[in-house]
Amino acid sequence: MRALPAADAPALVRALAADGRPFLLGIVGAPGAGKSTLAAALGEPVLPMDGFHLANERLDRLGLRHRKGAPETFDVHGFVALLARLRAGEAVLAPRFDRELDAAVAGALPLSPLDRVIVVEGNYLLHDADGWERVRPLLDEVWYLDVPDDLRVRRLVARHEAHGRSHADAVAWATDVDGPNAVLIRATRHRADAILTPTEGVDA
């Protein structure tokens, strides 16, 4: 495991390559760490794990709506299948998550075997249970984005408020729902190939 300043990440990504298929680079971190913004700043196509959120209707049937964002609230089998297709050199249409709709949008992100690097970003890329253990072998490298908890929680509260929650509800969700997920994700930190430390002001 190596330590990397996040500011150096774009230059490092430009040096990555794979023969005959994209280099699949994972960016993992707790909610609010800044994964989405960092992934977008790398200048390569991005596959967000959030596109594999189960639909709210499905979560309601399972009694999991109040835990949205936990590992069991994603379609891990669909995520693994799409990653396997990318590894096999197939072109795919991936879903993306729309925060305004609070739902995944199917077929929104075209990804090509001609892409030199594809950045895969999400919370559970290093998780090792309940089907998630099949994700890491499909990725060439995984970088863990590490930020102080106080900064991460401030970002989460601001994000939840921006999407319509009251301040009290935003704090409660960031603490009671995102908090346990962050603990679970942090426990996978040692499995990363590199630890990235971002600069202040990067949002997720």
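No experiment lies behind these values; they were computed from the predicted model shown.

Caption draft 1: View of unusual backbone geometry. A positive phi angle, near 55 degrees, is found at D102, a position not held by glycine. At D130, a position not held by glycine, the phi torsion is positive, near 60 degrees. Relative to the elements of secondary structure, D130 occurs in the loop between β6 (117-122) and β7 (141-145).

Caption draft 2: Examining the pairing of strand β4 (residues 92-98) more closely. By the criterion of burial, β4 is predominantly enclosed, with 5 of the 7 residues buried. Looking at chain direction, β4 and strand β5 (residues 103-111) are connected through 6 bridges and run antiparallel. Bridge pairing in β5 places F97 opposite A104. Once β4 ends, the chain turns through 4 residues before running back antiparallel as β5, passing D102 with a positive phi of about 55 degrees.

Caption draft 3: Region of the structure containing the pattern of salt bridges. For the structure on display, the rule yields 14 salt bridges. Residue D102 is joined to K68 by a salt bridge in which the shortest nitrogen-to-oxygen separation is 3.0 Å. Residue D102 is located in the loop between β4 and β5, and its partner K68 is located in the loop between α3 (56-62) and α4 (76-87); the two are separated by 34 residues in the primary sequence. Residue K68 is classed as buried on the basis of its relative accessible area of 10%.

Caption draft 4: Spatial organisation of the packing of helix α5 (residues 149-162) against helix α6 (residues 167-176). One can describe the packing of α5 onto α6 by two numbers: an axis separation of 8 Å at closest approach and a directional angle of 130 degrees. Classified by the interaxial angle, the pair formed by α5 and α6 is oblique. The handedness of the crossing between α5 and α6 comes out as right-handed. For the pair formed by α5 and α6, the contact residues are V153, L156, V157, H160 and E161 on the first element and H167, A170, V171, W173 and A174 on the second. Its residues assigned to classes, the contact of α5 with α6 comprises 7 nonpolar, 2 polar and 1 charged.

Criteria and thresholds
Numbers given for residues are sequential positions, taken from 1 along each chain in its written order. Side-chain atom pairs in this predicted model are given and counted only at pLDDT of 80 or more, local residue features only at pLDDT of at least 70, and totals for whole chains, interfaces and linings cover all residues. In computing side-chain properties, one takes all heavy atoms of the structure into account and sets aside hydrogens as well as water. Helix numbering and strand numbering both begin at the N terminus, where a helix is a DSSP run of H or I of at least 4 residues and a strand a DSSP run of E of at least 2. Any residue under 20% of the maximum accessible area for its type is buried, any over 50% is exposed, and the rest in between are partly exposed; the area is computed with a 1.4 Å probe on protein chains only. Here, a strand pair is defined by DSSP locating no fewer than two bridges between the strands. Every case where a carboxyl oxygen of Asp or Glu lies within 4 Å of a side-chain nitrogen of Lys or Arg is listed as a salt bridge. Note on geometry: axes are C-alpha line fits, over the in-contact stretch for helices, and angles between N-to-C directions span 0 to 180 degrees. Should an angle fall under 35 degrees it is taken as roughly parallel, and over 145 as roughly antiparallel, whereas 65 to 115 is taken as roughly perpendicular and any remaining angle as oblique. For any helix crossing, the convention is left-handed if the near helix is rotated counterclockwise from the far helix by under a right angle, and right-handed if that rotation is clockwise. The contact rule is simple, with two residues in contact once any of their heavy atoms fall within 4.5 Å. Three residue categories are used. Nonpolar comprises Ala, Val, Leu, Ile, Met, Phe, Trp, Tyr, Cys and Pro, charged comprises Asp, Glu, Lys and Arg, and polar comprises the others, including Gly.

Nothing here speaks to function; it is geometry throughout.
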